[in-house]
Amino acid sequence: MVLEPGQIVTGKVTGISPFGAFVSLGEGKTGLVHISEVALSYVKNVSDFLKENDEVKVKIISIDPKGKVSLSIKQALLEERKNQAPAQPARVPRTERVDWSKKNEEPPASFEEMMSRFKQASDEKMQDLKRGMESKRGSGSYRRSGGSF
């Protein structure tokens, strides 16, 4: 089998190292999956994700002139997901559908009515804030008596 960049093949993990995993691709060819290409999530320890003799799908990233093969499990997964078309389009469950045939019972408020409600709510909030600030200030009697803390 001729290996080419971009190709997705199945291989067998032959060794684990701190920086990645070695994968046998058959016919005496071996490639390296760098730790950054092992999984879609952060990988601190390769052995948490892979073990020797695991069969994995890998994407061939590159083959250098000396014959070193760079592989990626992560890119193979992404490619596989991209090629899988959803079976059915996502639909909103019947219980959550909006009934557009219902009419609003009360007419929408005019701008003046909405502004009046906003002003009233705003005034109430400001009064609450002022009351809260006054209660936090205290009587200030320690200042008048000339005493200290």
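Described below are features of the structure shown in this document.

About the criteria used
- Residues numbered from 1 in each chain as written.
- Predicted model: local features only at pLDDT ≥ 70, side-chain atom pairs only at ≥ 80, totals over all residues.
- Heavy atoms only, no water.
- Helix = DSSP H or I, 4+ residues; strand = E, 2+ residues; numbered from the N terminus.
- Buried < 20%, exposed > 50% of the residue type's maximum accessible area, 1.4 Å probe, protein only.
- Contact = heavy atoms within 4.5 Å.
- Pairing = 2+ DSSP bridges.
- Axes fitted to C-alpha atoms, helices over the stretch in contact; angles between N-to-C directions.

1. What to know about the environment of isoleucine 35
Item 1. Mapped onto the secondary structure, isoleucine 35 falls in the loop between strand S3 (29–34) and strand S4 (55–63).
Item 2. Under the relative-accessibility criterion, isoleucine 35 is labelled buried at 18%.
Item 3. Isoleucine 35 sits 18 residues away from serine 17 along the chain, and the two C-alpha atoms are 8.9 Å apart.
Item 4. In contact with isoleucine 35, other than residues within four places in its own chain, are Pro18, Phe19, Gly20, Val43, Lys44 and Val46.

2. Side note on the pairing of strand S5 (residues 69–72)
Item 1. As paired elements, S3 and S5 share three bridges and run parallel to each other. Across the sheet, the residue bridging to leucine 32 is serine 70, located in S5.
Item 2. Strand direction decides the pairing type here: S4 and S5, joined by four bridges, are antiparallel. Bridge pairing in S5 links isoleucine 63 to valine 69.
Item 3. The loop that links S4 with its antiparallel partner S5 comprises five residues; one of these, glycine 67, has a positive phi angle of about 100°.

3. What about the sheet that holds strand S2 (residues 20–26)?
Item 1. On the basis of which strands lie adjacent, the closed barrel formed by five strands has the order S1-S2-S3-S5-S4 and mixed pairing. Averaged over all adjacent pairs, the angle separating strand axes in this sheet is 50°, with direction ignored.
Item 2. In the packing of helix H1 (residues 73–83) onto the sheet, the strands contacted are strand S1 (8–17), S3, S4 and S5, and the crossing angle to S4 comes to about 105°.

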